Amino acid sequence: MVAAAVSHSLKTHRQNRSLTIQKLADASGVSRAMISKIERGDAMPTTSVLGKLAEALDTSISQLVGGPVASSAVTVRSGDQPEYTDPNSGFVRRSLSPLYQGRGVDFVQNSLPPGQETEPFPSHRMGVEEHLFVQSGQLEVTVGSEIHKLSTGDFLFYPANQEHSFHNTGDDEAVFFIVIDGTGAQTAKK
């Protein structure tokens, strides 16, 4: 179900921007063959690939994964919160908030199995910030060349205009929430 949603959404975002697969490949650094496979539903992208595609399309991973769109008060039931699992690391990203039209805020819940780490997420646009809270577990967050060691209850803020990755250094699953605030990036574009 997620693969079909990503497949359709990626193709729609690309076509809405009048991009060929080759132009998206050039802008994102993701191969033309991989983009084609994702759009056909033949491949499930890693979180790193999704991040590169989202940045090249000037959108978010949540927008690519899908979910309900907010225009007024919206309740997003658990079953309607899109969940994406990275096929390599087992990293799970659940989009909790609705998709806000014209706003750049995503609220996501993440989990990472013990000993696993994500591929680096690509740099977001200038002005995008991330607010991370560790619900449970041990987590190393690498932002650029800085490593931040976090435990249950710890909070980390960072400008997300540099590569960042997550590594579960504990013996239990790490569960952490991130608010991705792209409103500063939208202001910079105007």
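Everything here concerns the structure above.
Each value, and the rule that gives it
Residues numbered from 1 in each chain as written. Predicted model: local features only at pLDDT ≥ 70, side-chain atom pairs only at ≥ 80, totals over all residues. Heavy atoms only, no water. Helix = DSSP H or I, 4+ residues; strand = E, 2+ residues; numbered from the N terminus. Buried < 20%, exposed > 50% of the residue type's maximum accessible area, 1.4 Å probe, protein only. Contact = heavy atoms within 4.5 Å. Areas by Shrake-Rupley, 256 points an atom, 1.4 Å probe, with all protein chains shown as cover. Pairing = 2+ DSSP bridges. Axes fitted to C-alpha atoms, helices over the stretch in contact; angles between N-to-C directions. Parallel < 35°, antiparallel > 145°, perpendicular 65-115°, else oblique. Nonpolar A, V, L, I, M, F, W, Y, C, P; charged D, E, K, R; others polar. Phe/Tyr/Trp six-rings, centres within 6.5 Å; stacked < 30°, edge-to-face > 60°.

Draft legend 1. The arrangement of the overall build of the protein chain in detail. A tally of regular secondary structure across the protein chain gives six helices and 11 strands. In the protein chain, buried positions account for 45% of the 190 residues. Across the protein chain, contacts joining residues at least 24 apart in sequence account for 65% of those joining residues at least 6 apart. Surface accessibility of the protein chain: about 9400 Å² in total, with carbon and sulfur atoms responsible for 50%.

Draft legend 2. Looking closely at helix 4 (residues 47-56). Of all 10 residues making up helix 4, eight are buried, and the element is well covered by its neighbours. One or two positions beyond helix 4, positive phi appears at Asp58, with a value near 55°.

Draft legend 3. Geometry of the pairing of strand 3 (residues 92-95). The side-chain alternation of strand 3 yields two buried faces, one formed by Val92 and Arg94 and the other by Arg93 and Ser95. Sheet analysis places strand 2 (residues 83-85) next to strand 3, joined by three bridges and oriented antiparallel. Bridge pairing links Tyr84 to Arg93 in strand 3. Adjacent in sequence and paired antiparallel, strand 2 and strand 3 are bridged by six residues, among which Gly90 carries a positive phi angle near 80°. Pairing between strand 3 and strand 5 (residues 105-112): four bridges, direction antiparallel. By the bridge assignment for strand 5, Ser95 is matched with Val108.

Draft legend 4. Looking closely at the sheet that holds strand 6 (residues 129-136). The six strands are arranged 2-3-5-11-6-9 in an open sheet whose pairing can be described as antiparallel. Looking along the sheet, the strands with just one partner apiece sit at the ends: strand 2 and strand 9 (155-159). Across the sheet, the axes of successive neighbouring strands diverge by a mean angle of 20°, strand direction being ignored.

Draft legend 5. Highlighting the packing of helix 2 (residues 21-28) against helix 4. Direction vectors running N to C along helix 2 and helix 4 enclose 105°, while the axes themselves pass 9 Å from each other. Accordingly, the angle class assigned to the pair helix 2 and helix 4 is roughly perpendicular. Two secondary-structure elements touch here, helix 2 through Leu24, Ala27 and Ser28 and helix 4 through Lys52, Leu53 and Ala56. Looking at the contact of helix 2 with helix 4 residue by residue, the classes come out as four nonpolar, one polar and one charged.

Draft legend 6. How the structure looks around the environment of Gln109. One can find Gln109 in strand 5. What makes Gln109 partly exposed here is its relative accessible area of 25%. It is 9.6 Å that separates the C-alpha atoms of Gln109 and Phe133, two residues lying 24 residues apart in sequence. Setting aside residues no more than four positions away along its own chain, Gln109 makes contact with Val92, Arg93, Arg94, Leu96, Val175, Phe176 and Phe177.

Draft legend 7. Region of the structure containing the packing of aromatic side chains. Summed over the entire model, instances satisfying the criterion amount to six aromatic pairs. Aromatic side chains Phe91 and Phe176 sit 6.4 Å apart centroid to centroid with 40° between the ring planes, which places their arrangement in the tilted category. Of this pair, Phe91 sits in the loop between strand 2 and strand 3 while Phe176 sits in strand 11 (residues 174-181), and the two are 85 residues apart along the sequence. An identical accessibility class is assigned to Phe91 and Phe176; each is buried. With a centroid separation of 5.1 Å and an interplanar angle of 45°, the aromatic rings of Phe166 and Phe176 are classed as tilted. Taken together, the residues span a long stretch of sequence, with Phe166 in strand 10 (residues 164-167) and Phe176 in strand 11 at a distance of 10 residues. A residue is classified by how much of its surface remains accessible, and Phe176, at 0% relative accessible area, is buried. Put simply, the rings of Phe91, Phe121, Phe166 and Phe176 pair up and form one aromatic cluster.

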